[in-house]
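Close look at the chain arrangement
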Amino acid sequence: MQDPRLLAKPPVCRLGCLVLVRNPRGDILLVDPDYMDGLILPGGAAQPNEPPHLAAARNLRAETGLNLRLADVLAVDFTPADRHLERLNLVFDGGTVRDDVRLTVPPQHRSGLFGARFVPVRRLPDVMAPSQAARVSEALAGRALPVLLHGQRAT
């Protein structure tokens, strides 16, 4: 039987909603946050009761100006609790965008980002933390899984 005190105060679980976007050469879109070392996939936390695919699209739009429809998950990455915060990250397939797509990253004081750029897959280990690069590698190797809301495919 579980200790009832464990159930009384479970860790908060943040739902990270990330997006893997490629250009025609297969390079990966990454953002450069000012709050950590290395580049990461664009995205961010879902708000309470926000469907994850909509959270991913909202965060992608806010960080890069890209307005993409997302419906398939490429990877699920769970990070155990750290200071009472668990993290569940979903990596959505953003597909391929044209070379002439314009990225619009808001100023750093508003976005917390230094910028965004496409990076060749072979360079990911050079510009990302090992866990971040592994997440992208797994997402690239995986088979897309649909997002379901109450058992129905999200639209």
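What you see is a predicted model, and the numbers here were worked out from it, not measured in a lab.

Here we come to the confidence of the model for the protein chain. When pLDDT is averaged along the protein chain, the result is 87, and 85% of the positions lie at 70 or above. Least confident of the elements in the protein chain is helix 1 (residues 4–8), whose mean pLDDT is 56; most confident is helix 4 (residues 124–127), at 97.

Turning to the pairing of strand 2 (residues 28–33), a few remarks are in order. Burial of strand 2 is extensive: 5 of the 6 residues sit out of reach of the surface. By the bridge criterion, 6 bridges tie strand 2 to strand 6 (residues 113–119) in an arrangement that is antiparallel. Its bridge partner lying in strand 6, Leu29 is registered against Phe118.

Time to look at the side chain of Asp27. In this fold, Asp27 is placed in the loop between strand 1 (12–22) and strand 2. When its relative accessible area of 12% is taken as the criterion, Asp27 is described as buried. When residues no more than four places from it in sequence are discounted, the contact partners of Asp27 are Val21, Arg22, Phe118, Val119 and Pro120.

Core analysis: the largest hydrophobic core is formed by 16 residues, its most contacted members being Leu20, Leu30 and Leu41. Elements supplying a minimum of two residues to this core: strand 1, strand 2, strand 4 (72–79), helix 4 and helix 5 (130–141). For this core, the element with the most residues is helix 5, which contributes 3 residues. Once residues lying within four places of it in the same chain are set aside, the contact partners of Leu41 are Leu18, Val19, Leu20, Ile28, Leu29, Leu30, Val31, Val91, Met128 and Val136. Among the nonpolar cores identified, the runner-up in size contains 15 residues, and Ala57, Leu60, Leu66 and Val97 belong to it.

All chains considered together, the criterion is met by 7 salt bridges. For Arg135, the salt bridge goes to Asp77, with nearest N and O atoms at 2.8 Å. Linking Arg135 in helix 5 with Asp77 in strand 4, this pair joins segments that are 58 residues apart in sequence. Overall, Asp77 belongs to the partly exposed group, its relative accessible area being 23%.

Positive phi, normally seen in glycine, also occurs at Asn49, with a value near 65°. The topology assignment puts Asn49 in the loop between strand 3 (43–45) and helix 2 (52–64). Note on Asn49: relative accessible area 81%, which makes it exposed.

For helix 2, built from 13 residues, the straight-helix expectation of 18 Å at 1.5 Å per residue is met to within 8% by its first-to-last C-alpha distance of 18 Å. For helix 2, the complete set of buried residues consists of Pro52, His53, Ala55, Ala56, Ala57, Asn59, Leu60, Glu63 and Thr64. Remark: Gly65 follows helix 2 within two positions and exhibits a positive phi of approximately 85°.

Calculation criteria
- Residues numbered from 1 in each chain as written.
- Predicted model: local features only at pLDDT ≥ 70, side-chain atom pairs only at ≥ 80, totals over all residues.
- Heavy atoms only, no water.
- pLDDT = per-residue confidence, 0-100.
- Helix = DSSP H or I, 4+ residues; strand = E, 2+ residues; numbered from the N terminus.
- Buried < 20%, exposed > 50% of the residue type's maximum accessible area, 1.4 Å probe, protein only.
- Pairing = 2+ DSSP bridges.
- Contact = heavy atoms within 4.5 Å.
- Core = buried A, V, L, I, M, F, W, Y, C linked by side-chain atoms within 4.5 Å.
- Salt bridge = Lys/Arg side-chain N within 4 Å of Asp/Glu carboxyl O.
- Expected span 1.5 Å × (residues − 1).

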